[in-house]
Amino acid sequence: MPEPVNHQVNAARKTFQTLYQISKLLNTNLDQTTLSICIRLCENGVNPHALANVVKELQREVKAMNDGQLESSASKTSTTK
Amino acid sequence: MSTRVLNDIHNDLKQLITALTSFEEDEEGFRICERFCLSNIKHHRYLSIDSHATKEAINALVTKFSIHGKYEVAKKFQELIDSFLSSFDFEQHPQYDLQWYLLTFLLDLSTETHKSNLDSLKLTRGEHSFNAGTGNEDSVTDEIDWAQYLKEGQENFFCNYKSDDSESEWSDLTEEGTDENDISLPTQICNIQLDIAQPPKVSDSAADKFSLALEQNLESRKWFLSNVQTDWWNNLKCQKYPIIKRSCDTSICDIWHETNLSAVYKVATLSEYQVCRELLWMFYIQTSMVVFQEISESKFSIRSDISIPSLTTTAFKSILTPFCEYFSMMYDIEKFGSDLQLTYDQESELQSPPLTYEAYNAALRQYLYEFKTEVVNMEKDIMKQENCNTFLSLSAKLRRHLNIIKIIHDIHQNIVTDWKVNPNWKCASRLLSSLYYEMQNSYSRERTNICINLYLRSLTVYLNIIDTWLSEGRLEDWRDEFIIVRVTEDENNEQIEKFTIRLSDNICLTDPIMQFLLQKVQHMGHSIELLVSLDRITDIWRMDNEDNDMRISLNIELQNKLLFEISKYSLPVEETDTALQLDEIFLQEHDADIEKNIIQQLSTLHNPFLMKAMEDYMPCELYKNDTVDAHVHNTHDSKTKQDQIHNLYKELQKIKYILPMQNILEKTLSEILMLRYNSASILVKNIMIDEYKLQTHLKLLRFVYMMEAGHVMNKFYQMLFYEIENNQMWANSYFLSCLLEEIFSQYWPNTSSRWSVTVHGNISTRQVLQAVNSITLHYTVEWPISIVLTKKVLEKYNEIFRFQLKLKWALWTLNNLRFCDLEDSRSSCIKDRLEQFQIRRLESLRFWLLHAIGSIHTYLSGQVLQSLGFILEKVLTQADSLDTIISVHNEYLSKVHEHCLLTEEFKDLMTTINNMIEMCIHIRDRWSRKKLLLAATELDVMEHNYIKYHTYLALALHNAVQHKDADYYKLMPPSAACIDSKLFEDSDKFIKLITDLSRTLLTEIAHQSLPPSGIPLSIPKLIYERTWQMSSESLLPVEVSLNEYEQTFSYMRWYQYEEQFFVLNSSSCTLRDEIKKYHR
């Protein structure tokens, strides 16, 4: 790859790292994959407030689902024991 | 958005859903999520991103981290943000403000930022760290907790579940710096890989640990030494101050004590620095410390087994013992202050100290505070340890201050009494007077200035009480300490509230300021109390409000004036301080400019809330615009008061000599008191004159009692005389009052009801002269006029009235004697020559009497009463207070009384006049032809009597008027041998020898004044001895050469004491005969 492109790619990576560190510091619970997807969405012009809203909702639902599953499995195990 | 972009977004969303929820695309959940996401992304209601808001949010977050104490986190966060913003060229990106989009996104997703920490930035397992430098994108580094490893000293255990060959290369690398810093970023470890030179570690870990331990030991020790203090004072026996340079001088203490066999105990040594500091602490708080011990309350001593290395214990003690005295002084003064608390005594009544004591204490505290500030500064200086501080240097610095403390303590001992035992007013008045006494009798300028300061500060309480009383009419003395007190007295079964002065000490009586204050204040207090009683005190308040909006308190005004007066004396000193003063003036001007600027800005702002907040600093003119609040006094007052007192002290210090404070104080006080409180007296006077018509009353009294309204009184007394002489039942008060009322109502209808006549005693005489003595004319007055016209005053008026009545009666009687009654011309009998002679004699007698009594009467009513009346009126118009009116009126009355010869010293003259008046009775009785024929010898007597009276009166009156101070009896030397009778106890009645000198003097006097008869009179040479009066035959005077006048004169002296000396014959002829007989 040509030098400038390499440089650009490196810069992008560095930026990404920095952003990821910021997100970790802020306890956003985003992993790198999800963060990259979100970055892409933002690059495409998605409103970040809306996006954040969506992500939060999804995270919440997932958590609720997992909690529900855990409870049911715990009750099952207790009944079986 | 273009379709492609939308498609991209759609795809990305799907991936997002999968990443977050782990749903597969064909799941129901996935579809629901997809629908949800799409609708929210497409149809949101959010505004576009505001970069400023995002920046503010980031800043707020940084602040939040700081507030939570996570400074490292805040710093890291800021760094990350900065590097993020600078790392990529966001301008080139097609998405506008992408960086703010991303940051906003992250901020919206942030949760629980208060739990953020830098640990979260450490790489966890499976994470990749990208490093621009390495080029090795896929290297995974695992972080080993080196600190933990080192501290525990364990072997390199390391569980790595991921197969990675590269890590074993650097697992043994250690770095000392990392044990302290847990916040090691992965980049640091990566850096280690980059051939940064590291000290090659010798792998003897035991030796490492030992050296580390040693190093730590040293560091800890150093830290302890610099930060933590051991309690060496509890282990004094072992305390020895290490001396750097051992020589004879520096370690004399040890040498002495080692060689001194009597030393049984060990001597501890401290550094001089420590002792100096402790000395300074003792000035701050007087209690037991290491070196100084408290023996008993307020007594301090030096510990005996302690010293500094360069002094023996004895020397140490002797240099520090003088300070113990000062500790005691300070302790006493502080104790006095702390004792001034409200306490309960045995009867569990609340005892409170006088406010004067509290003010005095405040003044004392200021001195102490200044001293303590100095002490603190000295200590700071010593702590720097830049100069050489020894006991000597310290005592030199302290000397001036300790001197002041000594003076203060000395004064304090003399003036303070135990307020718990003595009543407050005693303590307060004693304090003030003693302070004044100290001030007057002090021997140094410093002492005088301190006394002045303390005195003025303590006096503020009294001045406040006076101020409140005289300006608002309330004597508010909450601690019962003022010397004037309101007392309820029972006088004639009436509860009268009066003001009395309570002064106990002799010292108070000699205090001129106290006396002066009392005089003036009592005098003004009367006016105020009168106003309060008249319920007109609001007039004063109104007057004051009109005069000045900002009423300065008496204290401040006094201090201003005092400053002004004192500054008059400080002129020569000013020249030397011009340089300093110029600087001060510049500073002041500068301050003034700034102030003006501020005020200008404030006033242009028109912000009332701001003005209210700044009210303390603004002049009152601006503040007047405040219409919301009630009018308040400037609270700047208290600050200015403090400053001014201090200024006063400073001004006093500038002057090189002692000031005549008594004069200054008196003058200033009197000026201020007069200026401020005169209005009350004037108001009272105006009220009395305008509303209660005082002058009208006085005039009326003069009309009646002094008979100035002749036409009215004429009618009255003629009727009265007629009734007395003709009406048997005249002695009826009601009857006489009606008579009076009848006449007065014609001329003074408004006031005629106030007059009444009473007759006391059971009188049934027809003789007017006796009747008059039992008649009293009353004039009813109510309060407040009764303050001026008291019972005594009216009694005096009555006396004058009675005298006038007698004179009038005499003249009336004489005038009513008609010649036809005597001559009886209707009778045809030829009168013989003797009869004619008698008639003529009687008629001449009548004329003589008329002349004599008439001249007395004219003199009295013309010269005396008229002129004095005019003077009285004139003075009354100029009077400025009620007290002046009262005193002027009383003076007038006593003058009239004196001129009417009603006083004691003119008793003999009065007797003569009474005799003359009585003679009128005799004349009237004999005023008929028949009676006259039988009264030949009586005529003789009467004539001679008249001559006596006349001559006596003439001489005596002349001398009384012209030489009223001449007391003849004083010219005579005492001859004590004659005195053994009770009759002569009164020296006025004492008959003594006339010496040659006195005779000459009396002759001089006599020649200067001629009686109306024109005959020059000489003073008789005759002297009397007491025994001569016993019988006519015995003892005659030694020198006998009596001329006719002398005989007459001597005889007049005789007849005065007629009752006492048994004179057989009252004729001068008889006396002459007797003397002649004696000579033969």
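What you are looking at is a predicted structure, and each value in this text was computed from that prediction instead of being measured.

Reading guide: rules and limits
Residues numbered from 1 in each chain as written. Chains lettered and ligands numbered in written order. Predicted model: local features only at pLDDT ≥ 70, side-chain atom pairs only at ≥ 80, totals over all residues. Heavy atoms only, no water. Helix = DSSP H or I, 4+ residues; strand = E, 2+ residues; numbered from the N terminus. Buried < 20%, exposed > 50% of the residue type's maximum accessible area, 1.4 Å probe, protein only. Areas by Shrake-Rupley, 256 points an atom, 1.4 Å probe, with all protein chains shown as cover. Core = buried A, V, L, I, M, F, W, Y, C linked by side-chain atoms within 4.5 Å. Contact = heavy atoms within 4.5 Å. Buried area = accessible area lost by both parts, 1.4 Å probe. Salt bridge = Lys/Arg side-chain N within 4 Å of Asp/Glu carboxyl O. Polar contact = N/O pair within 3.5 Å; in protein donor to acceptor, adjacent residues only side chain to side chain. Nonpolar A, V, L, I, M, F, W, Y, C, P; charged D, E, K, R; others polar. pLDDT = per-residue confidence, 0-100. Phe/Tyr/Trp six-rings, centres within 6.5 Å; stacked < 30°, edge-to-face > 60°. Lys NZ or Arg CZ within 6 Å of the ring centre and 35° of its normal. Patch = residues over 30% accessible without salt bridge, like charges linked within 9 Å, V, L, I, M, F, W, Y side chains within 5 Å. Pairing = 2+ DSSP bridges. Expected span 1.5 Å × (residues − 1). Bend = angle between axes of the 7 residues up to and from the residue. Axes fitted to C-alpha atoms, helices over the stretch in contact; angles between N-to-C directions. Parallel < 35°, antiparallel > 145°, perpendicular 65-115°, else oblique. Left-handed = near helix turned anticlockwise from the far one by under 90°.

### Some thoughts on the overall build of chain A
Then comes step 1: When helices and strands are counted, chain A shows 3 helices and 0 strands.
Then comes step 2: Each helix and strand of chain A, ordered N terminal to C terminal, gives the series α-α-α.
Then comes step 3: Across the 81 residues in chain A, those meeting the buried criterion constitute 42%.
Then comes step 4: Summed over all atoms, the accessible surface of chain A reaches about 4,400 Å², with 54% contributed by carbon and sulfur.

### Remarks on the overall build of chain B
Then comes step 1: Scanning chain B from N- to C-terminus turns up 40 helices and 10 strands.
Then comes step 2: Buried positions account for 41% of the 1080 residues belonging to chain B.
Then comes step 3: Surface accessibility of chain B: about 60,900 Å² in total, with carbon and sulfur atoms responsible for 53%.

### Overview of the nonpolar core
Then comes step 1: Ranked by internal contacts, the top residues of the largest apolar core, which has 205 residues, are Phe283(B), Leu320(B), Trp755(B), Trp809(B) and Ile853(B).
Then comes step 2: Ignoring sequence-local partners within four residues, the contact set of Ile853(B) consists of Leu807(B), Ala810(B), Leu811(B), Leu814(B), Met916(B), Ile917(B) and Cys920(B).
Then comes step 3: Core analysis: the next-biggest nonpolar cluster, separate from the first, contains 54 residues, Leu26(A), Cys38(A), Leu61(B) and Val62(B) among them.

### A look at the interface of chain B and chain A
Then comes step 1: Taken together, the contact pairs 60 residues of chain B with 46 residues of chain A.
Then comes step 2: Summed over both sides, the interface between chain B and chain A buries roughly 5,000 Å², with carbon and sulfur atoms accounting for 72% of that surface.
Then comes step 3: Our count for the contact surface shared by chain B and chain A stands at 1 salt bridge.
Then comes step 4: For Asp12(B), the salt bridge goes to Arg40(A), with nearest N and O atoms at 3.1 Å.
Then comes step 5: Inspection of the chain B/chain A interface yields 11 residue pairs in polar contact (both at pLDDT 80 or more).
Then comes step 6: Those elements that place two or more of their residues in the side of chain B that touches chain A are α1 (3-21), α2 (28-42), α4 (71-87) and α5 (98-109) of chain B.
Then comes step 7: The greatest single-element share of the side of chain B that touches chain A, amounting to 11 residues, is contributed by α1(B).
Then comes step 8: Class assignment for the residues of the side of chain B that touches chain A results in 35 nonpolar, 17 polar and 8 charged.

### Quick word on the side chain of Thr21(B)
Then comes step 1: Note on placement: Thr21(B) falls in helix α1.
Then comes step 2: At a separation of 2.5 Å, a polar atom in the side chain of Thr21(B) contacts the main-chain carbonyl oxygen of Ile17(B).

### Section: the confidence of the model for chain A
Then comes step 1: Of all residues in chain A, 91% attain a pLDDT of 70 or more, and the chain-wide mean is 87.
Then comes step 2: Ranking the elements of chain A by mean pLDDT puts helix α1 (residues 3-25) of chain A last with 85 and helix α2 (residues 32-43) of chain A first with 92.

### Let's talk about the packing of aromatic side chains
Residues and elements named next belong to chain B.
Then comes step 1: Taken as a whole and judged by the stated rule, the model has 27 aromatic pairs over all chains.
Then comes step 2: Members of the aromatic cluster, joined through ring pairs, are Phe703, Tyr705, Phe744, Trp748, Trp755, Tyr779, Tyr797 and Phe801.
Then comes step 3: The cationic tip of Lys372 hangs over the ring face of Tyr284; the distance from NZ or CZ to the ring centre is 5.1 Å.
Then comes step 4: Here the basic side chain of Arg846 rests over the ring of Phe847, its NZ or CZ set 5.3 Å away from the ring centre.

### A word on a nonpolar patch on the surface
All names here are of chain B.
Then comes step 1: A cluster of nonpolar residues, Trp223, Phe224 and Val228, forms a patch on the protein surface that exposes about 340 Å² of accessible area.
Then comes step 2: Inspection of the secondary structure assignment puts Val228 in the loop between α8 (205-227) and α9 (252-259).
Then comes step 3: With a relative accessible area of 44%, Val228 lands in the partly exposed category.

### Here we look at the pairing of strand β2 (residues 292-296) of chain B
All names here are of chain B.
Then comes step 1: With 4 bridges connecting them, β2 and strand β3 (residues 299-302) associate as antiparallel partners. Bridging from a neighbouring strand, Phe292 pairs with Ile302 of β3.
Then comes step 2: Linking two consecutive strands that pair antiparallel, namely β2 and β3, is a turn of 2 residues; a positive phi of about 65 degrees is found at Ser298 within it.

### A look at the pattern of salt bridges
All names here are of chain B.
Then comes step 1: Taken as a whole and judged by the stated rule, the model has 24 salt bridges over all chains.
Then comes step 2: Across the pair Glu112 and Lys115 runs a salt bridge, and its minimum N-O distance is 3.6 Å.
Then comes step 3: Between Glu438 and Arg447 there is a salt bridge; the shortest N-O distance is 2.6 Å. Of the two residues examined, Glu438 and Arg447, each falls in the buried class.
Then comes step 4: Here the salt bridges share partners, and the residues they tie into one network are Lys699, Arg702, Glu708 and Glu873.

### Here's the deal with the environment of Arg841(B)
Residues and elements named next belong to chain B.
Then comes step 1: Assignment of secondary structure puts Arg841 in helix α33 (residues 833-878).
Then comes step 2: Once residues within four sequence positions are removed from consideration, Arg841 is found in contact with Leu939, Asp940 and Glu943.
Then comes step 3: Within the structure, the side chain of Arg841 is placed 2.7 Å from the side chain of Glu943, a separation counted as a polar contact.

### Some points on α33(B)
Think of an α-helix as turning once every 3.6 residues; residues three or four places apart then point the same way.
Then comes step 1: Look at α33(B): 65 Å from first C-alpha to last across 46 residues, which is about the 68 Å you get at 1.5 Å a residue.
Then comes step 2: Maximum bend of α33(B): about 25 degrees, positioned at Leu865(B).

### Description of unusual backbone geometry
Residues and elements named next belong to chain B.
Then comes step 1: The residue Ser22 is not glycine, and still its phi comes out positive at about 60 degrees.
Then comes step 2: Along the chain, Ser22 falls in the loop between α1 and α2.
Then comes step 3: You can call Ser22 exposed: its relative accessible area is 54%.
Then comes step 4: In the Ramachandran plot, Glu112 falls in the positive-phi region, its phi being about 50 degrees despite a non-glycine side chain.
Then comes step 5: Residue placement: Glu112 occurs in the loop between α5 and α6 (146-152).

### Brief notes about helix α28 (residues 733-747) of chain B
Residues and elements named next belong to chain B.
Then comes step 1: Compared with the 21 Å implied by 1.5 Å per residue over 15 residues, the 21 Å span of α28 between its first and last C-alpha is a close match.
Then comes step 2: Listed in full, the buried residues belonging to α28 are Leu736, Ser737, Leu739, Leu740, Ile743 and Phe744.
Then comes step 3: Looking at where α28 begins, the residue whose side-chain oxygen comes 3.0 Å from the main-chain nitrogen of Tyr734 is Asn732.

### A short note on the side chain of Glu334(B)
Residue and element names in this part refer to chain B.
Then comes step 1: Tracing the sequence through the fold places Glu334 in helix α11 (residues 313-339).
Then comes step 2: At 2.8 Å, the side chain of Glu334 and the side chain of Lys372 are in polar contact.
Then comes step 3: Contact partners of Glu334, with chain neighbours within four places excluded, come to Tyr284, Gln286, Arg365, Leu368 and Lys372.

### Here we look at the confidence of the model for chain B
Residue and element names in this part refer to chain B.
Then comes step 1: Summing up the model confidence of chain B, the mean pLDDT is 75 and the portion of residues at 70 or higher is 72%.
Then comes step 2: In this model residues 130-140 is a low-confidence stretch, pLDDT under 50, and it forms 6 contacts with partners more than four residues away in sequence or in other chains.
Then comes step 3: Low confidence marks residues 1004-1040, where pLDDT is under 50. Its contacts with residues over four positions away, or in another chain, come to 70 contacts.

### Looking at the packing of helix α27 (residues 710-726) of chain B against α28(B)
All names here are of chain B.
Then comes step 1: Contact geometry of α27 with α28 gives a least axis separation of 10 Å together with a crossing angle of 160 degrees. By the criterion of interaxial angle, the relationship of α27 to α28 is roughly antiparallel. Pair α27 / α28 crosses with right-handed handedness. Judged by residue contacts, His711, Val712, Met713, Lys715, Phe716, Met719, Leu720 and Glu723 of α27 engage Phe735, Leu736, Leu739, Leu740, Ile743, Phe744, Gln746 and Tyr747 from α28.
Then comes step 2: Of the residues that constitute the contact of α27 with α28, the class distribution is 12 nonpolar, 2 polar and 2 charged.

### Details of the environment of Leu850(B)
Residues and elements named next belong to chain B.
Then comes step 1: Tracing the chain through its elements places Leu850 in helix α33.
Then comes step 2: Overall, Leu850 belongs to the buried group, its relative accessible area being 18%.
Then comes step 3: Taking the C-alpha atoms as reference, Leu850 lies 9.7 Å from Trp812; in sequence the two are 38 residues apart.
Then comes step 4: Among residues more than four places away in sequence, those in contact with Leu850 are Leu811, Leu814, Asn815 and Ser855.

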